[in-house]
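# Secondary and tertiary structure notes
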Amino acid sequence: MHEYHYDKLTWPEIKKATAEDRVIILPVGSTEQHGPHLPLDVDNFLCQAICEGAAQRVPEDVLLMPPMNYGFNWHHIDFPGTIGIGWEPYIHFLLDIVKSVAYHGFKKVLIINGHGSNRQLIEIVARQATMDHPIICAACNYFALGAQAVAETRESPKGWVAHADEFETSLYLYLRPEGVRRDLVQAENNMLPSNFWWQDLIEPAPLGMMEWWSSFSHTGVLGDPTKASAEKGRILYEACVEGLVALIREFKARPLRPREDHH
Ligand SMILES: [Zn+2]
């Protein structure tokens, strides 16, 4: 059995791993409020569980990095517990991690994200790192990898699969049921109706915008966690893990094609 945890290897083992073209997986999330019924660790815990599940299935193809458990989310700060990191330190912190693994000789880095508002920043990191080093760095939200299963299982309408919702609560019920305060599960969505702006994990709105979370949610929830179940969570978990395994395989096989400088 291959060890796939990056920080469980020694430096000579890391050196050997670079010759095996292993894909570096960097899980990122956030420590933030998830309503009265879920703990602050939802985005971290779920993202890491998906990454672990995928890495266990292709241990020879990956190295799973220690996660980045804080994210870009000052808009949640009105709810006690949320930790908000500014966009500049966030981007530079991740760029330094990628710079380090690139320096050691790894060629492929996948940033896997569990927190919606990190999306734009990790994409900047991925694009910039690929220009800065002889590597390919890419980024995606883990829930996008299970989009088909979300579409098939969801009972909540568009704009209701957003935060501490049917999707996240189902996954948490499946993976760590004792963490869900079942007596406090309640639906909420006070977003203003719009043809251009809504929040949905798998059906993004055309307009990029974020207001103070407390201006449209009293409980911190955006969605309907009353529709959640552990069985849905199992289906969603399997779909996300399978999606990530497929991505890892394709990304590992992807060649780095040479530049052609036309100056
Ligand atoms: Zn979340």
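Anything mentioned here points back to the structure above.
Described below are features of the structure shown in this document. Source: prediction; values computed, not measured.

A few words now on the overall build of the protein. Scanning the protein for helices and strands turns up seven helices and six strands. Its C-alpha atoms give the protein principal-axis dimensions of about 50 × 45 × 30 Å. Across the 263 residues in the protein, those meeting the buried criterion constitute 52%. Restricting the contact set of the protein to residue pairs at least 6 apart, pairs at least 24 apart contribute 80%. A total of about 13100 Å² of accessible surface is found on the protein, and carbon and sulfur atoms cover 55% of it. The centroid of the 23 positive side-chain charges in the protein is displaced by 6 Å from the centroid of its 34 negative side-chain charges.

Looking now at the sheet that holds strand 3 (residues 108-113). Remark on secondary structure: sheet strands pair via backbone hydrogen bonds, oriented parallel or antiparallel. Within the open sheet, the four strands sit side by side as 2-1-3-4. Their pairing is parallel. A strand with exactly one partner marks an edge of an open sheet, and here the two such strands are strand 2 (62-64) and strand 4 (136-141). This sheet shows a mean twist of 25° between the axes of neighbouring strands, independent of strand direction. Alignment of strand 1 (residues 23-28) against strand 3, held across six bridges, turns out to be parallel. Its bridge partner lying in strand 3, Val 28 is registered against Asn 113. Relative to strand 3, helix 7 (residues 230-253) is tilted by about 155°, and along the sheet it contacts strand 1, strand 2, strand 3 and strand 4.

Take helix 3 (residues 87-104) next. In an α-helix there are 3.6 residues to a turn, and that puts residues three or four apart on one side. Taking 1.5 Å per residue as the helical rise, helix 3 with its 18 residues ought to reach 26 Å, and the 26 Å between its terminal C-alpha atoms agrees with that figure. When helix 3 is considered as a whole, its buried residues turn out to be Tyr 90, Ile 91, Leu 94, Leu 95, Ile 97, Val 98, Val 101 and Ala 102. Taken down its axis, helix 3 places every buried residue within 155° of arc, on the same side. For helix 3, the secondary structure elements touched by its buried residues are strand 1, strand 3, helix 4 (119-132) and strand 4. Gly 105 sits one or two residues past helix 3 and shows a positive phi near 115°.

The subject of this paragraph is the layout of surface pockets. Empty space among the atoms can be located by rolling a probe the size of a water molecule over them. Computed from the structure, the largest pocket encloses a volume of approximately 710 Å³. Elements with a contribution of two residues or more to the lining of the largest pocket: helix 4 and strand 5 (161-163). Within the lining of the largest pocket, the residues separate by chemical class into 15 nonpolar, 12 polar and five charged. Space inside the second largest pocket adds up to approximately 350 Å³. Taken together, Thr 130, Met 131, His 133, Pro 134, Ile 135, Ile 136, Arg 254, Pro 255, Leu 256, Arg 257, Pro 258 and Arg 259 form the lining of the second largest pocket.

It is worth spelling out the coordination of the zinc ion at this point. Around the zinc ion, the protein contributes the donor atoms His 34 (NE2), Asp 43 (OD) and Glu 168 (OE), at 1.9 to 2.1 Å from the metal centre. Written as a sequence motif, the donor arrangement for the zinc ion is H-x8-D-x124-E. With His 34 in the loop between strand 1 and helix 2 (42-57) and Glu 168 in helix 6 (residues 166-175), this residue pair connects regions lying 134 residues apart in the sequence. Each member of the pair, His 34 as well as Glu 168, carries the same accessibility label: buried.

Thresholds applied
Residues numbered from 1 in each chain as written. Predicted model: local features only at pLDDT ≥ 70, side-chain atom pairs only at ≥ 80, totals over all residues. Heavy atoms only, no water. Helix = DSSP H or I, 4+ residues; strand = E, 2+ residues; numbered from the N terminus. Buried < 20%, exposed > 50% of the residue type's maximum accessible area, 1.4 Å probe, protein only. Contact = heavy atoms within 4.5 Å. Areas by Shrake-Rupley, 256 points an atom, 1.4 Å probe, with all protein chains shown as cover. Lys, Arg positive; Asp, Glu negative; His and termini not counted. Charge placed at Lys NZ, Arg CZ, Asp CG, Glu CD. Pairing = 2+ DSSP bridges. Axes fitted to C-alpha atoms, helices over the stretch in contact; angles between N-to-C directions. Expected span 1.5 Å × (residues − 1). Arc of directions from axis to C-beta. 1 Å grid on protein atoms, 1.4 Å probe; cavity = no way out; pocket = protein on both sides within 12 Å on 5 of 7 lines; lining within 4 Å. Points joined across faces, edges and corners; volume = space filled by probe spheres on them. Nonpolar A, V, L, I, M, F, W, Y, C, P; charged D, E, K, R; others polar. Donors = N, O, S within 2.8 Å, 3.2 Å for Na, K, Ca; no water.

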